[in-house]
Structures are given as C-alpha cells and as structure tokens.
Amino acid sequence: MAPQASRNLSTLIVQLTDTHIVANARLCHNEIDTSSFLRAAVETVRQLTVRPAAVLITGDLVNEGRANQYDHLKVLLAPIVTAGMPLYLMPGNHDNREAMREVFPDHGELGKGPSCDFVADIGALRLVGLDTLIDNEAGGDLSANQLEWLERTLQQKPQRPTIIAMHHPPFTTGIGHMDEQGLSADAQAAMERIVSVNPQVERVTCGHLHRNISRRWAGTIVATAPSVAHAVAFDLRPGAHGAWNYEPPAITAHHWNGSHLVTHQIGSGDFPATRYGM
Ligand SMILES: [Fe+2]
Ligand SMILES: [Fe+2]
C-alpha cells in the first residue's frame, strides 16, 4: 500500500501493562488477585466495539519471572489469541527473558538476542518495542546497540506515525521511590536526542508506574499507562515510602484516526450502563 493510503487507515492498538501474574490460585504479594484483574481486562478488550489491530503488554507480565507464572499468564491471555488479535509481549523488571521465550516460543517479538526489541507495522502505525530490563535489577537501561538500532529503525520510515513502547519511562515522574528504580539517566538522555529528531514519533508509552502520568518530552508526548491490576499510590513527598492501592484499573487504547494519535484510558471491568444513547 502507498504510504499516504496507509496513513489514512484507522488503527487501534490496545495496551495492557503490569499484569504481575503469579501461578494459578495464588495472590501477588499474598494479597492481590492479579489473575482476576487480568481476566477483567481481557474481557474489557474483547468487549470493545472497535476491534484492536494489536494488543500490547508493556512488561511486568508476571511477578517473579518464573516459567509456571508465564504458563498461567498464557491461559489468562488465551481469549485474546482465540479472538485472533495479534499479541505483543514485552519484558519489565519482574520478567525473565528466557522463561518468556520458553513459554511463548511463537512470539517473534521476543527475538533471540540479548534484548527483546521489535518493530511491527500495524495498520497505519509503526510500533517499536524497546526492552529496558536489566537482569535481577529494578531499574532499567538501554545498551549502545539498542540505541543504535532505535536510531536506524526510526530513520527507515520517517513518514510513518510511530509509537515507541517500553517498560521504564524515560523521564522522572516525581514519585520518588519509583524514580529511584527508573531508566538510567544516560539512556534517558540518549533516547531524548534520538526521538527529538524523529517527529513521526507520536507517542512513547510505558508501564512500570502502575498509573497514568504524561509529559511533553523530546517533541512528543510520553506517558505511563495504568496497571490492569494494582496502582502505585500518588505521593510526591520527597522520601515517601512506596505504597500500592486499588485505584480503578484501566486499559489504554491508542487510536490513529487517519491524522492524529488519540489515547484513551478505559476502565477495566464491567460497569453499569445508563440508558442515554442506547
Ligand atoms: Fe509493575
Ligand atoms: Fe516495573
């Protein structure tokens, strides 16, 4: 398809993040029923009135990177696969690349190299996944090879509206205990240099923070998506302790409408409807 014709396609990419699945019938941190949260999110995706061209999960797929946790995740995600929606998985700091590859051998986006980076053309959009995981660490980083690959990949299709997805956001959020386990300052600065000369980057979308935070950055909009399960409490006090809470979980929908990328947060779960417009 000619680039201009492709740009006109309406394209919906749905993002889930920070599912933190543990093995069947167990609770995350002995308290949080992440399996039920994910079931609700999957059903929310299935009930959308516009069919997603892809479903993306931006890391912390499971809580301890164990194969049996990925086995259970696979069962929970099966309705998305059965519905024929392409599914893209990315690692976060709670994940383990080898266990992911073992349980999801048909997921080409996980690759075989030292990191799970990928690029995919989806309808009008280009989706670039950047793996920020450092084995056994909470913080994230990008290698020189990854940054070179990002630069090359963006240069290949400068006209195509692009979403970059990653687990650790490339900015400081103000939630101190999370910023301490953020993306390295060097990687943040290098990415900013690359993205700022690629105006086709419509959005940089991330996980890790378990809540929606956005800012202008590198000439684009960067945002973290809410978890489909538990949230990180909003607390900007210096030195504040980390805390989870049960703010309403949500899925994120990135809609290319033919000329702009518009991002929606959609409550995850079954909500009563009113009669208005029905
Ligand atoms: Fe997380
Ligand atoms: Fe994380």
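Residues numbered from 1 in each chain as written. Chains lettered and ligands numbered in written order. Predicted model: local features only at pLDDT ≥ 70, side-chain atom pairs only at ≥ 80, totals over all residues. Heavy atoms only, no water.

Help me understand the packing of helix α2 (residues 34-46) against helix α3 (residues 67-82) in this model?
Relative orientation and spacing of two packed helices are given, respectively, by the angle between their axes and the distance between those axes. Look at α2 against α3: their axes get within 8 Å of each other, and the N-to-C directions meet at 20°. As far as their axial angle goes, α3 and α2 are roughly parallel. α2 and α3 meet at a crossing whose hand is right-handed. Between α2 and α3, the contacting residues are Ser-35, Leu-38, Arg-39, Val-42 and Arg-46 on the first element and His-72, Leu-73, Leu-76, Leu-77, Pro-79 and Ile-80 on the second. Residues of the contact of α2 with α3, tallied by class, amount to 7 nonpolar, 2 polar and 2 charged. (Axes fitted to C-alpha atoms, helices over the stretch in contact; angles between N-to-C directions. Helix = DSSP H or I, 4+ residues; strand = E, 2+ residues; numbered from the N terminus. Parallel < 35°, antiparallel > 145°, perpendicular 65-115°, else oblique. Left-handed = near helix turned anticlockwise from the far one by under 90°. Contact = heavy atoms within 4.5 Å. Nonpolar A, V, L, I, M, F, W, Y, C, P; charged D, E, K, R; others polar.)

Please explain the coordination of the iron ion (ligand 2) as it appears in this structure.
Ideal coordination angles are 109.5 degrees for a metal with four donors arranged tetrahedrally and 90 or 180 degrees for a metal with six donors arranged octahedrally. Here the iron ion (ligand 2) is held by the protein donor atoms Asp-60 (OD), Asn-93 (OD1), His-167 (NE2) and His-208 (ND1), which lie 2.1 to 2.2 Å from it. Between the 4 donor atoms coordinating the iron ion (ligand 2), the angles at the centre fall across 88 to 161°, so the site counts as irregular. Mapped onto the sequence, the residues coordinating the iron ion (ligand 2) show the spacing D-x32-N-x73-H-x40-H. Between the two metals, the iron ion (ligand 2) and the iron ion (ligand 1), the spacing is 3.5 Å, and Asp-60 donates to both. A residue pair is termed long-range when its members are at least 10 positions apart, and Asn-93 in the loop between β3 (87-90) and α4 (97-103) and His-167 in the loop between β6 (162-166) and α6 (176-179) qualify at 74 residues. Assigned by exposure class, Asn-93 and His-167 land together as buried. (Donors = N, O, S within 2.8 Å, 3.2 Å for Na, K, Ca; no water. Tetrahedral: all angles 85-135°; square planar, octahedral: opposite > 155°, others 65-115°. Buried < 20%, exposed > 50% of the residue type's maximum accessible area, 1.4 Å probe, protein only.)

Help me out: how do you make sense of the UniProt feature "domain: Calcineurin-like phosphoesterase" (unreviewed entry) in the protein in this one?
UniProt annotation of "domain: Calcineurin-like phosphoesterase" (unreviewed entry) refers to residues 13-211 when read in the numbering used here. What you have in residues 13-211 is 33% helix and 18% strand, and the ends, taken at the C-alpha atoms, are 19 Å apart. (UniProt positions renumbered as here; feature names shortened; annotations may be inferred.)

Is there a simple way to think about the packing of aromatic side chains in this case?
One pair of aromatic rings is described through two measures. These are the centre distance and the angle between the planes. Under the criterion given, the structure shown has 2 aromatic pairs. Each ring, one from Phe-37 and one from Tyr-246, has its centre 6.2 Å from the other, and the planes form 20°; the classification is stacked. Of this pair, Phe-37 sits in helix α2 while Tyr-246 is found in the loop between β11 (244-245) and β12 (250-256), placing the two residues 209 residues apart along the sequence. With a relative accessible area of 45%, Tyr-246 lands in the partly exposed category. Judged by centre distance (5.3 Å) and plane angle (15°), the ring pair of Tyr-88 and Phe-118 falls under stacked. Of this pair, Tyr-88 sits in strand β3 while Phe-118 sits in strand β4 (residues 118-122); the two residues are 30 residues apart in sequence, bridging distant segments of the chain. Comparing Tyr-88 with Phe-118, the two get one shared label, buried. Above the plane of the ring of Phe-104 lies Lys-74, whose end atom (NZ or CZ) is 5.6 Å from the centre. (Phe/Tyr/Trp six-rings, centres within 6.5 Å; stacked < 30°, edge-to-face > 60°. Lys NZ or Arg CZ within 6 Å of the ring centre and 35° of its normal.)

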